[in-house]
Amino acid sequence: MHTYEVFLKKDGRDEFRHAGALDAANDALAEVHARETYIRRAEGDRLWLVRRDHVIVADVDFVAPNADKPHRHHDGAAVAARRKANREASE
Amino acid sequence: MSAAAQPTGIEEFLLAFADDEHLMGQQHTEWIGVAPFLEEDLAFSSIGQDELGHALMLYELVLELRGVEPTDGSVDELAYFRGGEQYRSSTLVEYATTDWAEALVRHWLYDTIENLRWQLVAQSSFAPLAEVAARAQREESYHRQHARALLDPLLASQISRLRILTALDVMLPMAFASLSPPAGESEAIAEGLASGSVLDLAGPLTGAVTERFDTDVAAPETIVADRRVRSADFAPLMSRMREVFDLDHSAVW
């Protein structure tokens, strides 16, 4: 048995979204059971099945360091604060 | 004319197919909640619902031929309230089993035969029947994919292969018996409703079984079965199907 991750999208709209997972003995059975379990009420027009053991999962320690680099968040808050301070000082 | 009138040959021919679809659909849906795993509960009973849909379309054709408007009431009378001797189902679809291997093998056998039967009426001179065949065949390719996908891994392992072949020994004689020509078939062929006899499907079925199960099988020398006679499993099956109706036949839902 393999675990398959199920992704669906509506034709011409949106991106594929993760819908869930299922276990199946082979690819053909995974297709049949995904059809019955996840799109029996036409929840999607397109179906992707990805075997979980084919998913490349990055190590958490490899991903985490980028969480503490606030200088990469250029949302303008720091510049806006500095401009506001300048404006108030010149009034 | 009432729905209980003596059927004509063409009606008999259509009823044989409709009753097979109806009872096969019922048998499949009874696996909801008890199939080997959740997704299969859904898949098997969905396939059963498809077969019930095919039965409905065929019953509606019978009613139209009788000049009866197909309504919930008239379809129910035909589907549920004939006397047992008026049904034309085969033993293959009446046979009761709680064995998953038998249910699965019957599913494969029935859908293999069903596909061939639809092909016999795909070019029917009776246009509504050809339309029903076209619609049913679209669903049937999915049914066969389902059966194939389950049987592939099961036949690849020794223990499950043995169980499948044991089930095949039980189900195959019933599958061949279902190829006994129903009443009205010669009339249906003469009028161009059907392009050939179900009896001629014994050869293709033998070939398909040999290839699928990788085992030697031979068609019986003679295929004799009477669709006017019900097997012992019919009455309990029909009683389960009528269970709610029987509480109050006249209730309005």
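Look up: the structure comes first, before these words.
The residue numbering used here restarts from 1 in each chain and proceeds along that chain's sequence as written. Key to labels: chains lettered from A, ligands numbered from 1, both in the order written. For a predicted model such as this one, the threshold for reporting local features is a pLDDT of at least 70, and the threshold for listing and counting side-chain atom pairs is 80 or more; totals across whole chains, interfaces and linings nevertheless cover every residue.

Overview of the overall build of chain A
Here is the rule we go by: Each helix corresponds to a stretch of at least 4 residues labelled H or I by DSSP, and each strand to a stretch of at least 2 residues labelled E; elements are numbered beginning at the N terminus. Restricting the calculation to C-alpha atoms gives the radius of gyration, and the globule rule supplies 2.2 Å times the number of residues raised to the power 0.38. Partly exposed residues are those whose C-beta has more than 12 but fewer than 20 other C-beta atoms within 10 Å; 20 or more makes a residue buried and 12 or fewer makes it exposed, with C-beta atoms placed from the backbone.
Helices and strands together make up the secondary structure of chain A, namely three helices and three strands. Listing the helices and strands of chain A from first to last along the sequence gives β-β-α-β-α-α. In terms of overall size, chain A is more extended than a compact globule, its C-alpha atoms giving a radius of gyration of 23 Å where 91 residues would be expected to give roughly 12 Å. Its C-alpha atoms give chain A principal-axis dimensions of roughly 70 × 35 × 15 Å. By the burial criterion, 13% of the 91 residues in chain A qualify as buried.

Here we look at the interface of chain A and chain B
Under the convention used in this document: In this description, a residue-residue contact is defined by the distance between C-beta atoms placed from the backbone, which must lie within 7 Å.
With 10 residues of chain A at the interface, the matching set in chain B holds 11 residues. The biggest single contributor to the side of chain A that touches chain B is helix α1 (residues 27-38) of chain A, with six residues.

Overview of helix α7 (residues 158-177) of chain B
All names here are of chain B. As a reminder, the rule being used: Residue count minus one, scaled by 1.5 Å, sets the expected span of a helix. What is called the bend at a residue is the angle between a pair of axes, fitted to the seven residues leading up to and ending at it and to the seven starting from it.
The terminal C-alpha atoms of α7 lie 29 Å apart, and with 20 residues this matches the ideal 28 Å at 1.5 Å per residue to within 8%. At Met171, α7 shows its maximal kink, close to 35°; a proline, Pro173, follows between one and four residues later. All buried positions along α7 are accounted for by Ile164, Ala167, Leu168, Met171, Leu172, Ala175 and Phe176.

Description of the environment of Glu21(B)
Residue and element names in this part refer to chain B. If you trace the backbone, Glu21 turns up in helix α1 (residues 9-29). For Glu21, a count of 26 C-beta atoms within 10 Å corresponds to the buried category. Residues Glu21 and Leu237, spaced 216 residues apart in sequence, show a C-alpha to C-alpha distance of 14 Å. Excluding its chain neighbours within four sequence positions, the residues that come into contact with Glu21 are Glu51, His54, Ala55 and Leu58.

Here we look at unusual backbone geometry
Positioned with a positive phi, Ala42(A) is a non-glycine residue whose angle comes to about 55°. Note that Ala42(A) resides in the loop between α1 and β3 (46-51).

Description of the sheet that holds strand β2 (residues 13-24) of chain A
Residue and element names in this part refer to chain A. Here is the rule we go by: Strands pair, by our definition, only if DSSP identifies at least two bridges between them. The axes used here are C-alpha line fits, helices contributing only the stretch in contact, and every angle between their N-to-C directions lies in the interval 0 to 180 degrees.
Taken in spatial order, the three strands line up as β2-β1-β3 in an open sheet, and their pairing is antiparallel. The strands lining the two open edges of the sheet, one partner per strand, are β2 and β3. Neighbour-to-neighbour, the strand axes of the sheet open up by a mean angle of 25°, direction not taken into account. In this structure, strand β1 (residues 2-10) lies alongside β2, joined through eight bridges in antiparallel fashion. Paired with Leu8 across the strands is Arg17, a residue of β2. Contacts from α1 reach β1, β2 and β3, with the element oriented near 115° to β2.

Examining α1(B)
Because an α-helix completes one turn every 3.6 residues, residues spaced three or four positions apart along the sequence face the same direction. Between its first and last C-alpha atoms α1(B) spans 30 Å; for 21 residues at 1.5 Å apiece the expected length is 30 Å, and the two agree. Of all 21 residues that make up α1(B), 18 are buried, and the element is covered over most of its length.

Looking at the packing of helix α5 (residues 100-121) of chain B against helix α6 (residues 127-156) of chain B
Residue and element names in this part refer to chain B. In plain terms, the rule: Orientation is classified from the angle alone, with under 35 degrees giving roughly parallel, over 145 giving roughly antiparallel, 65 to 115 giving roughly perpendicular, and any other angle giving oblique. In this scheme, a crossing is called left-handed if the near helix is turned counterclockwise away from the far one by less than a right angle; it is called right-handed if the turn is clockwise. In this count, Pro and Cys sit with the nonpolar residues alongside Ala, Val, Leu, Ile, Met, Phe, Trp and Tyr, while Asp, Glu, Lys and Arg are called charged and the others, Gly among them, polar.
Where α5 meets α6, the closest approach of the two axes is 9 Å, and the angle between their N-to-C directions is 150°. Considering their axes alone, α5 and α6 lie roughly antiparallel with respect to each other. Helix-helix and strand crossings are classified by hand; for α5 and α6 the assignment is left-handed. Contact with α5, carried on its side by Leu104, His107, Trp108, Asp111, Glu114, Asn115, Trp118 and Val121, involves Leu129, Ala130, Ala133, Ala136, Gln137, Glu140, His143, Arg144, Ala147, Leu150 and Leu151 of α6 and no other residues of that element. The class makeup of the residues in the contact of α5 with α6 is 11 nonpolar, four polar and four charged.

Here we look at the packing of helix α2 (residues 38-65) of chain B against helix α3 (residues 72-80) of chain B
All names here are of chain B. Contact pair α2 / α3: the axes reach a minimum separation of 10 Å and the direction vectors enclose 105°. If you check the angle between α2 and α3, you find them roughly perpendicular. Contact with α2, carried on its side by Ala55, Leu56, Tyr59, Glu60, Val62 and Leu63, involves Ser74, Val75, Leu78 and Ala79 of α3 and no other residues of that element. Of the residues contributing to the contact of α2 with α3, the split by class is eight nonpolar, one polar and one charged.

Quick word on the pairing of β1(A)
All names here are of chain A. Counting the residues that bridge the hairpin from β1 to β2 gives two residues, and of these Gly12 lies at a positive phi of roughly 75°. Here β1 runs beside β3; their pairing, made up of six bridges, is antiparallel. Counterpart to Val6 in the pairing with β3 is Leu49.

A word on the nonpolar core
All names here are of chain B. Applied cut-off: By definition, a nonpolar core groups buried Ala, Val, Leu, Ile, Met, Phe, Trp, Tyr and Cys residues that connect through C-beta atoms lying within 7 Å of each other.
In this structure, Val105, Leu109, Met171 and Ala175 are the most contacted members of the largest nonpolar core, which totals 41 residues. The element best represented in this core is α7, accounting for seven residues. Other than its neighbours up to four places away in sequence, Ala175 contacts Leu92, Leu109, Ile113 and Leu205. Grouped together as the second largest cluster of nonpolar side chains are 24 residues, Phe13, Phe17, Leu58 and Ala188 included.

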